[in-house]
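Read off the chains here:
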Amino acid sequence: MNPTPFANPSTGAHVRSVRSDLPGDLMEVSMGPHHPSTHGVFRMIVTLDGETIVRLKPVFGYLHRNHEKLAENTSYLGSMPYTDRLDYLNSMTNNWAYARAVEQLAGIAVPERAEYVRVILAELTRLLNHTCLAGFLMQDCGCSGTPLMYAFREREKILDLFESLSGSRMMCNYQRFGGCRVDPPADWLARAGQLVAEYGPFLDEFEALLTGNEILLARTQGVGRLSAALAINAGVTGPMLRATGVNHDLRKVDGYGVYPRFQFRIPLGEHGDVYDRYMIRILEMRESLAILRQALAGLPAGPIMNPAAKLRGFRPKAGEAYGRIEGPKGEIGFHLVSDGGPNPWRYHVRAPSFINLTILEDLCLGHTVADAVIILGSIDIVLGEVDR
Amino acid sequence: METLPQLRDRIAALFPGADVVLVTNPSPSAQHALRLDAPHARAIATFLRDDPALQLDQCTNVTGIDWPEKEVVDVTRTTVPDPAGGAPRAVEEKTKRIEPGRLEVVYHLYSIALGHGPVVLRLVTGNRTDAVTLPSLTPVWRSAEFQEREVYDLFGIVFEGHPDLRRILMWDGFKDHPMRRDYREPDDYEWEPTPHGDVLAKAKQHYPAPTPTPSAPSTP
């Protein structure tokens, strides 16, 4: 076999190409890293027996920029914009998870209004993530274009809200330790309320298009089954875990922020297959709308920032904290170790889609290549977060 | 759930000879930890997962931390009585000691079944150079599989008993461990075949220009 032409100039090492010495009918295929179904730069080395997958090894790191090292070399506040770039669909929840970890590390209280605004933004983020995911999943199933365009049309409305509040569509950099950066004005809240009112009818329309669709049912039901025991042991979180029937949602378990004040239900799956993962997300969006209606109605007046919180020259005392929230993709957590200096001594991201990938091989074994594409789509990965 | 000191005592009773130390966390988060010794770590982890009162079934997060060798100044304050009969004097004595370098792995455990946590486990290597082997907890919690690979990749901790310990974020031929505090990237790191600026100047040291082939003598 000829060496690949892309040798690393500093070490002279060659990237291993796929094997061609497998016995019998087995064949090794490299899917990705540049493939539209891999949701970014992600590679799967798949061993096939005919069309059936007998082995699958994910390869990633193509977007690795050592986010954690960058954070160790900047101030606590300076890392906030970088967290936007982890899971670039959900910058608001990334901000919140990081702010929560720092607030636990330094013992900073958050005003009530800011907690409500955080809930509103997190649930809007959940809407946008799950809408996009449903669209991408349909794209992976082969429904080229239409569902994704519907999804992106609605996503753009949420991004407009984010832009008018934070100044940026996707890289919001909005949360601060002890509150939020700007106070949402009344007309912004009115626009958010209108979006929430219009989102239910959109979901009805979206579901009429998809949920009972025969092609979707045939492609997703019984595909990529995950058992509850494996999901818990492998650290799978978020909609992936709840699709297996495990009632675990940090909004209920930890009751962080002001979530205990709202009435909402946790949708649970039965089979843990791709269809359940799709359906859980649709149902979660309906619950998010319920939370949004309550939060917008109950938003109290008051300060948006804790006036005692210090942003410049912030030096938490030595110690460490692990803060986590329920992000749209699962448990997003930050582990911070402080040595009393202005920069974190150690800053670690618990990225949900990175850990949810652990069971990718287990889900794909015995299925065909076309199923691997939708199984990967149903895990809901963002490579900015996987590779960090 | 029982408190952490109670848990430590129970572990010490169940695993005689195990060195389990309570590590207090002075921050307001108050997430204290248990430091386990390497030989008993996997047995204790299995106990934590399977014990009916604990059921720590989810290992959420695995973090590697690098602690390089550091000089620490210990200050001891003593009061010395004044032999002349006056007020006793306070005396500060400063002693310097070298804190040896080490690598650490931190595991955050939660129980989905019982809804409690976190229980924080810490494992420490002997040093940063040759005694960097720790037992893998992947056989206990599958969620550690990719995370321990990441710690191996970025910190260079070797996990014994890991089913597939390879680099995960850096490429296979990469030599160093970039999350170590003393990591410096090689100066030809940004080599690229575009002729501009500092990068080219650095690259020239590593990739000398090919010696010119002697051309045919020109005829007058």
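Rules used throughout
Here, residues in each chain are numbered from 1, in the same order as that chain's written sequence. All chains are assigned letters beginning at A, and all ligands numbers beginning at 1, according to the order in which they are written. Thresholds applied to this predicted model are a pLDDT of at least 70 for local features of residues and 80 or more for the giving and counting of side-chain atom pairs; totals over whole chains, interfaces and linings are not thresholded and use all residues. Hydrogen atoms and water are omitted, and side-chain values are computed over all heavy atoms in the structure. Secondary structure is summarised from DSSP: a helix means a run of H or I of at least four residues, a strand means a run of E of at least two, and numbering begins at the N terminus for each. Note on exposure labels: buried denotes an accessible area under 20% of the residue type's maximum, exposed denotes more than 50%, and partly exposed covers the range between, all computed with a 1.4 Å probe on protein chains only. By definition in these notes, contact holds between two residues if any of their heavy atoms fall within 4.5 Å. Values of accessible area rely on a 1.4 Å probe in the Shrake-Rupley scheme; residue burial ignores everything except the protein chains shown. The globule rule is 2.2 Å times the number of residues to the power 0.38, and the radius of gyration it is compared with is taken over C-alpha atoms. Charge counting treats Lys and Arg as positive and Asp and Glu as negative, with His and both chain ends excluded. In this description, the location of a charge corresponds to atom NZ of lysine, CZ of arginine, CG of aspartate or CD of glutamate. Per-residue confidence from the predictor is reported as pLDDT, a score between 0 and 100. Cavity means a closed set of points on a 1 Å grid over the protein atoms alone, one where a 1.4 Å probe fits but cannot get out, pocket means an open set with protein on both sides within 12 Å along at least 5 of 7 lines, and lining means a residue has an atom within 4 Å of a point. Grid points are joined across faces, edges and corners, and a volume is the space filled by probe spheres set on the points. Three categories are distinguished: nonpolar for Ala, Val, Leu, Ile, Met, Phe, Trp, Tyr, Cys and Pro, charged for Asp, Glu, Lys and Arg, and polar for the others, with Gly belonging to the last. A side-chain nitrogen of Lys or Arg and a carboxyl oxygen of Asp or Glu constitute a salt bridge if their distance falls within 4 Å. Aromatic contacts are taken between Phe, Tyr and Trp rings whose centres are within 6.5 Å, Trp giving its six-membered ring; a plane angle under 30 degrees counts as stacked, one over 60 as edge-to-face, and the others as tilted. Throughout this description, the term charge over a ring refers to an Arg CZ or Lys NZ atom that lies within 6 Å of the ring centre and within 35 degrees of the ring normal. Residue types Ala, Val, Leu, Ile, Met, Phe, Trp, Tyr and Cys, when buried and joined through side-chain atoms within 4.5 Å, form a set referred to as a nonpolar core. One requirement defines pairing of two strands: DSSP has to find at least two bridges between them. Fitting a line to C-alpha atoms yields each axis, with helices limited to the stretch in contact; the angle taken between N-to-C directions then spans 0 to 180 degrees. An angle below 35 degrees is read as roughly parallel, one above 145 as roughly antiparallel, one from 65 to 115 as roughly perpendicular, and any other as oblique. Take the far helix as the reference: if the near one is turned anticlockwise from it by less than a right angle, the crossing is left-handed, and if turned clockwise, right-handed. Working rule for helices: expected span equals 1.5 Å times residues minus one. Here the quantity called buried area is the accessible surface, traced with a 1.4 Å probe, that two parts lose on coming together, added over both.

Draft legend 1. Region of interest: the overall build of chain B. When you go through chain B residue by residue, the secondary structure sums to four helices and nine strands. When the helices and strands of chain B are placed in sequence order, the string is α-β-β-α-β-β-β-β-β-β-α-β-α. The buried share of chain B, reckoned over its 220 residues, is 42%. Once local pairs closer than 6 in sequence are excluded, the contacts in chain B between residues at least 24 apart make up 55%. Looking at chain B as shown, the accessible area adds up to about 11900 Å², and 54% of this sits on carbon and sulfur atoms.

Draft legend 2. Seen up close, the overall build of chain A. Each helix and strand in chain A was counted, giving 15 helices and eight strands. By the compact-globule yardstick of 21 Å for 388 residues, chain A fits well, its C-alpha radius of gyration being 22 Å. Principal-axis analysis of the C-alpha atoms gives chain A an extent of 70 × 55 × 35 Å. Relative to its 388 residues, chain A shows a buried fraction of 61%. Taking as baseline every contact in chain A between residues at least 6 positions apart, the subset at least 24 positions apart corresponds to 70%. In the structure as shown, chain A presents an accessible area of about 13700 Å², 55% of it carried by carbon and sulfur atoms. For chain A, the centre of its 39 positive side-chain charges and the centre of its 42 negative side-chain charges are spaced 6 Å apart.

Draft legend 3. Quick look at the confidence of the model for chain B. Of the residues in chain B, 88% reach a pLDDT of 70 or more, and the chain-wide mean stands at 85. Scoring the predicted complex yields pTM 0.86 and, for the interface, ipTM 0.87.

Draft legend 4. Expanded view of the layout of surface pockets. The calculated volume of the second largest pocket comes to roughly 530 Å³. Contributing to the lining of the second largest pocket are 24 residues, with Glu320(A), Trp67(B), Arg102(B), Glu104(B) and Arg122(B) lying nearest its centre. Contributing elements (two or more residues each) for the lining of the second largest pocket: strand S6 (319-327) and strand S7 (330-338) of chain A together with strand S2 (33-36), strand S6 (102-110) and strand S7 (119-124) of chain B. Here the residues of the lining of the second largest pocket sort into nine nonpolar, six polar and nine charged.

Draft legend 5. Looking closely at empty space enclosed by the protein. According to the stated counting rule, one finds one cavity of 30 Å³ or more in the structure shown. The space that makes up the largest cavity amounts to roughly 30 Å³. As for the largest cavity, its lining consists of Glu72(A), Trp345(A), Arg346(A), Ile65(B), Asp66(B), Phe155(B), Met179(B) and Arg181(B). Across the lining of the largest cavity, the residue classes tally to four nonpolar, no polar and four charged.

Draft legend 6. Representation of the pattern of salt bridges within the structure. Using the criterion set out here, one finds 45 salt bridges over all chains in the structure. As a salt-bridge pair, Glu68(A) and Arg346(A) come within 3.1 Å of each other at their nearest N and O atoms. Linking Glu68(A) in helix H1 (residues 67-72) with Arg346(A) in strand S8 (residues 346-350), this pair joins segments that are 278 residues apart in sequence. Judged on exposure class, the residue Glu68(A) and its partner Arg346(A) are both buried. Two residues, Arg388(A) and Glu150(B), come together in a salt bridge whose shortest N-O distance is 2.9 Å. Here the residue Arg388(A) occupies a position in the segment after helix H15 (383-387), and Glu150(B) occupies one in helix H3 (residues 144-155), the pair thus bridging two chains. Here Arg388(A) and Glu150(B) have matching classes, each one buried. Linked through salt bridges whose partners overlap, the residues forming this network are Glu123(A), Arg126(A), Arg242(A), Asp249(A), Arg251(A), Glu284(A) and Glu326(A).

Draft legend 7. Representation of the packing of aromatic side chains. Summed over the entire model, instances satisfying the criterion amount to 24 aromatic pairs over all chains. Here the aromatic rings of Tyr322(A) and Tyr110(B) are separated by 6.5 Å at their centres, their planes lie at 50°, and the arrangement is tilted. A residue pair is termed interchain when its members come from two chains, as with Tyr322(A) in strand S6 and Tyr110(B) in strand S6. Of the aromatic side chains, those joined through ring pairs into one cluster are Tyr76(A), Tyr98(A), Phe177(A), Phe314(A), Phe334(A) and Tyr347(A). A cation sits over an aromatic face here: Arg155(A) above Phe152(A), 4.8 Å from the ring centre. The ring centre of Tyr259(A) lies 5.9 Å from the NZ or CZ of Arg251(A), which sits over that ring.

Draft legend 8. Structural detail: the nonpolar core. Of all hydrophobic cores here, the largest spans 156 residues; its most connected members are Phe60(A), Leu124(A), Phe177(A), Tyr278(A), Leu360(A), Leu48(B) and Tyr107(B). Looking at which element gives the most residues to this core, the answer is helix H4 (residues 112-141) of chain A, with 15 residues. Residues within four places of Phe60(A) in sequence aside, it is in contact with Phe42(A), Phe354(A), Leu357(A), Leu383(A), Val386(A), Asp387(A), Phe146(B), Ile168(B) and Leu169(B). Core analysis: the next-biggest nonpolar cluster, separate from the first, contains seven residues, Val337(A), Trp345(A), Trp67(B) and Val106(B) among them.

Draft legend 9. How the structure looks around the sheet that holds S8(A). All names here are of chain A. The antiparallel open sheet is built from three strands, whose spatial order is S6-S7-S8. One side of each edge strand has no neighbouring strand; the edge strands of this open sheet are S6 and S8. Each neighbouring strand pair of the sheet contributes to a mean axis angle of 10°, computed without reference to strand direction. By the bridge criterion, nine bridges tie S6 to S7 in an arrangement that is antiparallel.

Draft legend 10. Structural detail: the packing of H4(A) against helix H11 (residues 274-298) of chain A. Residue and element names in this part refer to chain A. Where H4 meets H11, the closest approach of the two axes is 9 Å, and the angle between their N-to-C directions is 155°. In terms of orientation, H4 lies roughly antiparallel with respect to H11. The interaxial crossing formed by H4 with H11 has left-handed handedness. By residue class, the composition of the contact of H4 with H11 is 17 nonpolar, four polar and four charged.

Draft legend 11. Focus on H11(A). Spanning 25 residues, H11(A) covers 36 Å between terminal C-alpha atoms, matching the ideal 36 Å at 1.5 Å per step. In terms of burial, H11(A) is largely enclosed, as 18 of its 25 residues are buried.

Draft legend 12. Local environment of the sheet that holds strand S3 (residues 52-59) of chain A. Residue and element names in this part refer to chain A. In space, the three strands of this open sheet follow the order S1-S2-S3, with antiparallel pairing throughout. This sheet does not close on itself; its edge strands, each paired only once, are strand S1 (26-31) and S3. Here the strands of the sheet are splayed against their neighbours by 20° on average, with no regard to which way each runs. Two elements, strand S2 (residues 43-49) and S3, share seven bridges in a ladder whose sense is antiparallel.

Draft legend 13. Seen up close, the interface of chain B and chain A. Residue-level contacts link 49 residues of chain B with 51 residues of chain A. A combined buried area of about 4100 Å² lies between chain B and chain A, and 55% of that area is made up of carbon and sulfur atoms. On the chain B side of the interface with chain A, the three residues burying the most area are Arg142(B), Phe146(B) and Leu169(B), jointly 17% of the side's total. Where chain B touches chain A, the interface holds four salt bridges.

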